[in-house]
Every structure is written in structure tokens, then in C-alpha cells.
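# Structural characterization, general
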Amino acid sequence: MSVKKFTLDNFKSGFLMDEELMAGISESVENKGQFTAYVIRHTTGETLGAQEFSDPFEAIRTLNDIPRLWTFEKVSKCGSGNCGNGQCGKEGGGCKKKTTEPCATGSC
């Protein structure tokens, strides 16, 4: 298995995962240009660490330097009403439902 890492192109669209932990980077809504790198134990929801950065490169480097066999897991874009807005299965979508199945915001 190859280890996958964060890059400037992917850090906003997924998480680093292994059997025990999940790591991610979120940009502050209140403080634009501030990034929080965090690690949680996804089996319990426990936050193991979080650190603020003003440079996304430093947040990326910090998480990539954790010695784990990470895999990058891309997040679906089915949230935020995309499924109900007809975005199922289209590029930029990601909802796995068939067009006849109801979604949280209506039919796909």
C-alpha cells in the first residue's frame, strides 16, 4: 500500500485516514487565512490534537510528517443540497443514489 499525503490541490477535498485515525485541515470561516490541522480517533470521535496555522503549507507539512500509513479519502460533494439539485452522478456531484431514489433535499 502506498502512503498518500496532502497537497495544496487536495487538502480541502478530503482527509488522511488509517484504521485508527483521521487527519484533516479546515479553513476558518471567521478568520480567513487561518487553517486548523487536526487529528481525531474516528472510532470514538476523540480529538487527539489541533493546531492553528496562518500558512496552509505548514498545516499540510505538519500532518504529512505524522508517521502513519495514511490513505487519502476524498469527500463526496453530495452535501449542501447538491443531490436534490440534480447533481447526482454528475461531475462535481458524488451522490451515489439513482435518480429515482429520494435524497434529503428531494429527488435526485
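Details of the structure are given in the entry above.
Small disclaimer: the values here were computed from a predicted structure and weren't measured. (Residues numbered from 1 in each chain as written. Predicted model: local features only at pLDDT ≥ 70, side-chain atom pairs only at ≥ 80, totals over all residues. Heavy atoms only, no water.)

### Observations regarding the packing of aromatic side chains
Summed over all chains, the structure comprises 2 aromatic pairs. Centroid distance F6 to F72: 6.1 Å. Interplanar angle 80°. Geometry classified as edge-to-face. Of the two residues, F6 is situated in the segment before strand 1 (14-17) and F72 in strand 5 (residues 71-74); the sequence distance between them amounts to 66 residues. For F72, a relative accessible area of 22% puts it in the partly exposed group. Geometrically, the ring pair formed by F11 and F35 is edge-to-face, given 6.0 Å between the ring centres and 65° between the ring planes. A residue pair is termed long-range when its members are at least 10 positions apart, and F11 in the segment before strand 1 and F35 in strand 3 (residues 35-41) qualify at 24 residues. Accessibility classification places F11 together with F35 in one group, the buried group. (Phe/Tyr/Trp six-rings, centres within 6.5 Å; stacked < 30°, edge-to-face > 60°. Helix = DSSP H or I, 4+ residues; strand = E, 2+ residues; numbered from the N terminus. Buried < 20%, exposed > 50% of the residue type's maximum accessible area, 1.4 Å probe, protein only.)

### Structural notes on the pattern of salt bridges
A full pass over the atoms with the stated rule returns 7 salt bridges. E20 is the partner of R68 in a salt bridge, and the nearest nitrogen-oxygen pair spans 3.1 Å. Here the residue R68 occupies a position in the loop between helix 1 (56-64) and strand 5, and E20 occupies one in the loop between strand 1 and strand 2 (21-27), the gap between them amounting to 48 residues. R68 sits in the partly exposed class, given a relative accessible area of 27%. (Salt bridge = Lys/Arg side-chain N within 4 Å of Asp/Glu carboxyl O.)

### As for helix 1
Among all positions in helix 1, only P56, A59, I60, L63 and N64 are buried. The buried residues of helix 1 occupy an angular sector of 125° when the element is viewed end-on, so they sit on one face. Looking at the buried residues of helix 1, the elements they touch are strand 1, strand 2, strand 3 and strand 4 (46-53). (Arc of directions from axis to C-beta. Contact = heavy atoms within 4.5 Å.)

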